[in-house]
2 protein chains.
Amino acid sequence: MTDFTEYASAFRARIDTALNQVIPDTPASQLAEAMRYSLAGGGKRIRPLLLFASYRAIAGTTEHPALETAACAVEAIHAYSLIHDDLPAMDDDALRRGRPTCHLAFDEALAILAGDALQSLAFELLADSPALADGTRIQLIRHLSRAAGMHGMVVGQAIDLAAVDTELDITQLEHMHRCKTGALIDASVAMGALIGSADSQQLKALARYSRSLGLAFQVHDDILDVTADTATLGKQQGADIARNKPTYVSLLGLTAARARAQELYQEALTALTELAGDTEPLQRIAQYVVERRH
Amino acid sequence: MTDFTEYASAFRARIDTALNQVIPDTPASQLAEAMRYSLAGGGKRIRPLLLFASYRAIAGTTEHPALETAACAVEAIHAYSLIHDDLPAMDDDALRRGRPTCHLAFDEALAILAGDALQSLAFELLADSPALADGTRIQLIRHLSRAAGMHGMVVGQAIDLAAVDTELDITQLEHMHRCKTGALIDASVAMGALIGSADSQQLKALARYSRSLGLAFQVHDDILDVTADTATLGKQQGADIARNKPTYVSLLGLTAARARAQELYQEALTALTELAGDTEPLQRIAQYVVERRH
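All of these numbers come straight from a predicted model, not from anything done at the bench.

Section: the overall build of chain A
Part 1: Looking only at helices and strands, one finds 15 helices and 2 strands in chain A.
Part 2: Here chain A has a C-alpha radius of gyration of 18 Å; the compact-globule value for 294 residues is 19 Å, and the two agree.
Part 3: In terms of overall dimensions, chain A has C-alpha extents of about 50 × 50 × 35 Å along its principal axes.
Part 4: Looking at the 294 residues of chain A, the share that counts as buried comes to 59%.
Part 5: Taking all contacts inside chain A whose residues are at least 6 apart in sequence as the whole, residues at least 24 apart take part in 74%.
Part 6: Surface summary for chain A: the accessible area is close to 11,000 Å², and the carbon and sulfur share equals 50%.
Part 7: Treating the 26 positive side-chain charges of chain A as one cloud and the 37 negative ones as another, the clouds have centres 3 Å apart.

As C-alpha cells, this is what we get:
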C-alpha cells in the first residue's frame, strides 16, 4: 500500500464530500451554518478512517455504501463534542483546527445548539441509512449512543473537568481517557466491522486493537501538548499544563510517556495478528497515531 | 373514564418509576446526579401521557412493555432541552419546576454535559428496547431524532433566541413553535401509535391531532405567561414579555389568543373522530392542555 498520508487523503476527500452533503442548504439558517462550520474545517478524520479500515479488515473492500453514512454519524458526534468542550463553561478554548472555535465564530447559544443538533443528526443518519438491514442499524446506534453518553464520552469530559487542579493517578487518568476519547474510537472500529458483518471473535480482536490505539492516541496527544507548537497543533499548545490538568507526561515524564505510547502501539499491532483479513490500513493508522506531529 | 387528573396521576406514577430506574446508581457520579435531578422533579409528563394515550387509541390497552421505554426516551429529550434552554447563554432561567435550574443546582459545565448525556440516553434506550422488533425501534429512533434535531426542536430554539427584540408575524411565530415544541409532541403521539402498529391512515389522523394540540399547548402557555403567577407556574411569570419575545398574546391580544386556543382544541378533537379506537384519553389530554393553570 501507499504510505498513510496518501492513503488517508484519498479517504478524507470521500469523507469530506459526504460531510458537506449531510446538512441541507435549505432552509438557510445560522444553526445549519454553525453545524457545517464545525463538521468541515479539516479535521484529521481519524474516526472515519478507522471505520473504513475496520470494514476493510473484515470485508476486504472499502466500497459499502453505508460507510460514508456511518462515518458522518461518528464525525457528527465528534464535532458536537468538540464544540461543547470548547465552550467558556468547559475548556474555554479559542482555537480549534486553526480557526476560531464555534462559540467565537457564532455565539455561545448557537454553539450549544449546533452541538445538540449534530448529536441528533448522528442518530438520524444511522436510522435512515438505506443500505443497512434494520438489525445492523440498531447495532450501530447502540454502539454509538453508548460511546457518546453517560458511560462514555460525556462522563469522560465530566471527569476531565473535575480533574483540574486535582491529582489523578495513572489508573484514574487512563479511565478518564478510556471514556473521553477511547469509547468513540472503539465505536468507530466496531461500527466498520459490524457493517462488514464481523463475527464475535473478530469484534473482540478489533476491540483489543482500538483499546490500545485509543490510549496511544491520548498519550501521544499529551506528548504533543508539550512538544509541538500552537501553529502546528491548530489549538493552544501547553493548554493542559496551563490548566493544571494531569497528563501522561506530567505523571510519567516525557521519556516514559513515549515508551508507553510505543508499548500501546505494539499491543494494537499484536491484536491485529488475530485477524485473517487486510489489516494494513489499521496498522498504518496506528503508526500515524503515535508518529503524528499534530 | 375518571377525570384527567386521576387518569394522569396513575400513569405519572408509572412514568416516574421508569424514569427513576433509567439512570443506574453506580458508578456514582455528579453527572448521573445532574441527569437524575433534571429527569425527576415532577414535570407534567405531557409527552409520555400522549404516548400512552396514542397507543391506547390504536391498540386498546396501555400495557405494552415498550411504552415505558419510549416514554423515558421522549422525556430524556425533553429534559435535556429544558436544561440547555435554561443555560445563561440561552434563556438564563433560575427556576424550573419550582426548583433551581440544573446549572444553578450543579454548575454550567455539568448542566451542558447532563443535557448531552440525556440525549444519548434517549437513543440508547430505544436501540436497546427488548420488547420491540428492530424495524419498530428504527421507526421510533427516526421520529425522535428528526423531532429533536436541526429541523425540529433545536432549530425552534434557535429561531426563538433570534426572535428576541424582533417582530415575528403570526406565521413565523407558529413555525417557531411547530419546531420548538410541536415536533416533540408530534413524535410522542407517533411513537405511541407506532408501538401499536398503527397504519398510515391512523398515523395521519393522529398527526393532525398532535399538530393542533401542540399549537394549542403553546398558545395556552403564552396565555399563562401573562395570567398565572410564578408560584403556580414553577417558572418565572412574565418571562417572555420581560425578554421582549413575541407571543400569541402580544400578537393577537388575550381574547383572540383564548379563542385561538379553543379553535385548535376543537381541531384536535375533530381529528380524533377519524379513529375507531378509544380516544378518550387523547381527548382528556387536549382538554387539560387548554384548561391547565400551570
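Further notes follow.
A look at the interface of chain B and chain A
Part 1: If you look at the interface, chain B gives 40 residues, while chain A gives 40 residues.
Part 2: Contact with chain A buries surface across chain B, with Leu113, Ile138 and Met150 of chain B losing the most and accounting together for 17% of the total.
Part 3: Where chain B touches chain A, the interface holds 6 salt bridges.
Part 4: Two residues, arginine 146 of chain B and aspartate 128 of chain A, come together in a salt bridge whose shortest N-O distance is 3.3 Å.
Part 5: Scanning the region where chain B abuts chain A turns up 12 residue pairs in polar contact (both at pLDDT 80 or more).
Part 6: Counting only elements with at least two residues in the side of chain B that touches chain A, the list comes to helix H2 (30-39), helix H4 (66-86), helix H6 (108-128), helix H7 (134-148) and helix H8 (153-162) of chain B.
Part 7: Counting residues per element, the side of chain B that touches chain A draws most heavily on H6 of chain B, which supplies 13 residues.
Part 8: Class assignment of the residues belonging to the side of chain B that touches chain A gives a composition of 24 nonpolar, 8 polar and 8 charged.

A short note on the packing of helix H10 (residues 200-227) of chain B against helix H15 (residues 280-291) of chain B
Residue and element names in this part refer to chain B.
Part 1: Running from N to C, H10 and H15 point in directions that differ by 20°, and their axes come no closer than 8 Å. It follows that H10 is roughly parallel to H15 by the angle criterion. By crossing handedness, the relation of H10 to H15 is classed as left-handed. Seen from H10, the contacting residues are Leu206, Tyr209, Leu213, Ala216, Phe217 and His220; seen from H15, they are Leu282, Ile285, Ala286, Val289, Val290 and Glu291.
Part 2: Counted by class, the contact of H10 with H15 contains 10 nonpolar, 1 polar and 1 charged residues.

Regarding the pattern of salt bridges
Part 1: Inspection of every chain in the model, using the stated rule, returns 34 salt bridges over all chains.
Part 2: Ionic pairing is found between arginine 208 of chain A and glutamate 274 of chain A, a salt bridge with its closest N-O pair at 2.4 Å. Of the two residues, arginine 208 of chain A sits in helix H10 (residues 200-227) while glutamate 274 of chain A sits in the loop between helix H14 (254-272) and helix H15 (280-291), which places them 66 residues apart along the sequence.
Part 3: Residue class for arginine 208 of chain A comes out partly exposed when judged on its relative accessible area of 42%.
Part 4: For arginine 97 of chain B, the salt bridge identified is with glutamate 75 of chain B, shortest N-O distance 3.9 Å. One end of the pair, arginine 97 of chain B, is in the loop between strand S1 (95-96) and strand S2 (99-100); the other, glutamate 75 of chain B, is in helix H4, and 22 residues separate them in sequence.
Part 5: A single network of salt bridges, built from pairs that share partners, joins Asp16, Arg45, Glu75 and Arg97 of chain A.

As for a nonpolar patch on the surface
Residues and elements named next belong to chain A.
Part 1: Among the surface-exposed residues, Ile170, Leu251 and Leu252 lie close enough to one another that they form a single nonpolar patch of about 210 Å² accessible area.
Part 2: Of note, isoleucine 170 is situated in helix H9 (residues 170-195).
Part 3: We classify isoleucine 170 as partly exposed; its relative accessible area is 32%.

Quick notes on the packing of helix H6 (residues 108-128) of chain A against H8 of chain B
Part 1: The interhelical angle for the contact between H6 of chain A and H8 of chain B, taken along N-to-C directions, is 170°, at an axis separation of 9 Å. With respect to their mutual orientation, H6 of chain A and H8 of chain B come out roughly antiparallel. By crossing handedness, the relation of H6 of chain A to H8 of chain B is classed as left-handed. Counted together, Ala109, Leu110, Leu113, Asp116 and Ala117 of chain A of H6 of chain A and Val154, Gln157, Ala158 and Leu161 of chain B of H8 of chain B form the full contact between these two elements.
Part 2: Tallied by class, the residues present in the contact of H6 of chain A with H8 of chain B amount to 7 nonpolar, 1 polar and 1 charged.

Digging into unusual backbone geometry
Part 1: Even without being a glycine, serine 197 of chain A presents a positive backbone phi close to 60°.
Part 2: Tracing the sequence through the fold places serine 197 of chain A in the loop between H9 and H10.

Structural notes on the relation of the copies chain B and chain A
Part 1: In screw terms, the move from chain B to chain A is a rotation of 180° and a rise of 0.0 Å along the axis, fitting with an RMSD of 0.0 Å. One copy is carried onto the other by what is essentially a two-fold rotation axis. Taking C-alpha positions as the reference, the residue of chain B nearest the rotation axis is aspartate 134 of chain B, at 2.9 Å.
Part 2: Of all interface residues in chain B, 100% are interface residues in chain A too; the two copies therefore contact each other through one and the same surface.

Remarks on helix H1 (residues 4-21) of chain B
All names here are of chain B.
Part 1: In this model H1 runs 26 Å from its N-terminal to its C-terminal C-alpha over 18 residues, within 8% of the 26 Å that 1.5 Å per residue would give.
Part 2: Listed as buried for H1 are Phe4, Tyr7, Ala8, Phe11, Arg12, Ile15, Ala18 and Leu19. Here the buried residues of H1 occupy an arc of 125° about the axis, which is enough to place them on one side. Turned more than 90 degrees away from the buried face of H1 sit Glu6, Ala10 and Gln21, all of them exposed.
Part 3: Those residues of H1 that are buried lie in contact with H2, helix H3 (46-59), H4 and H15.

Quick notes on the rules
- Residues numbered from 1 in each chain as written.
- Chains lettered and ligands numbered in written order.
- Predicted model: local features only at pLDDT ≥ 70, side-chain atom pairs only at ≥ 80, totals over all residues.
- Heavy atoms only, no water.
- Helix = DSSP H or I, 4+ residues; strand = E, 2+ residues; numbered from the N terminus.
- Rg over C-alpha atoms; globule rule 2.2 N^0.38 Å.
- Buried < 20%, exposed > 50% of the residue type's maximum accessible area, 1.4 Å probe, protein only.
- Contact = heavy atoms within 4.5 Å.
- Areas by Shrake-Rupley, 256 points an atom, 1.4 Å probe, with all protein chains shown as cover.
- Lys, Arg positive; Asp, Glu negative; His and termini not counted.
- Charge placed at Lys NZ, Arg CZ, Asp CG, Glu CD.
- Buried area = accessible area lost by both parts, 1.4 Å probe.
- Salt bridge = Lys/Arg side-chain N within 4 Å of Asp/Glu carboxyl O.
- Polar contact = N/O pair within 3.5 Å; in protein donor to acceptor, adjacent residues only side chain to side chain.
- Nonpolar A, V, L, I, M, F, W, Y, C, P; charged D, E, K, R; others polar.
- Axes fitted to C-alpha atoms, helices over the stretch in contact; angles between N-to-C directions.
- Parallel < 35°, antiparallel > 145°, perpendicular 65-115°, else oblique.
- Left-handed = near helix turned anticlockwise from the far one by under 90°.
- Patch = residues over 30% accessible without salt bridge, like charges linked within 9 Å, V, L, I, M, F, W, Y side chains within 5 Å.
- Least-squares fit on C-alpha atoms with pLDDT ≥ 70 in both.
- Expected span 1.5 Å × (residues − 1).
- Arc of directions from axis to C-beta.

Purely geometric numbers; function is a separate question.
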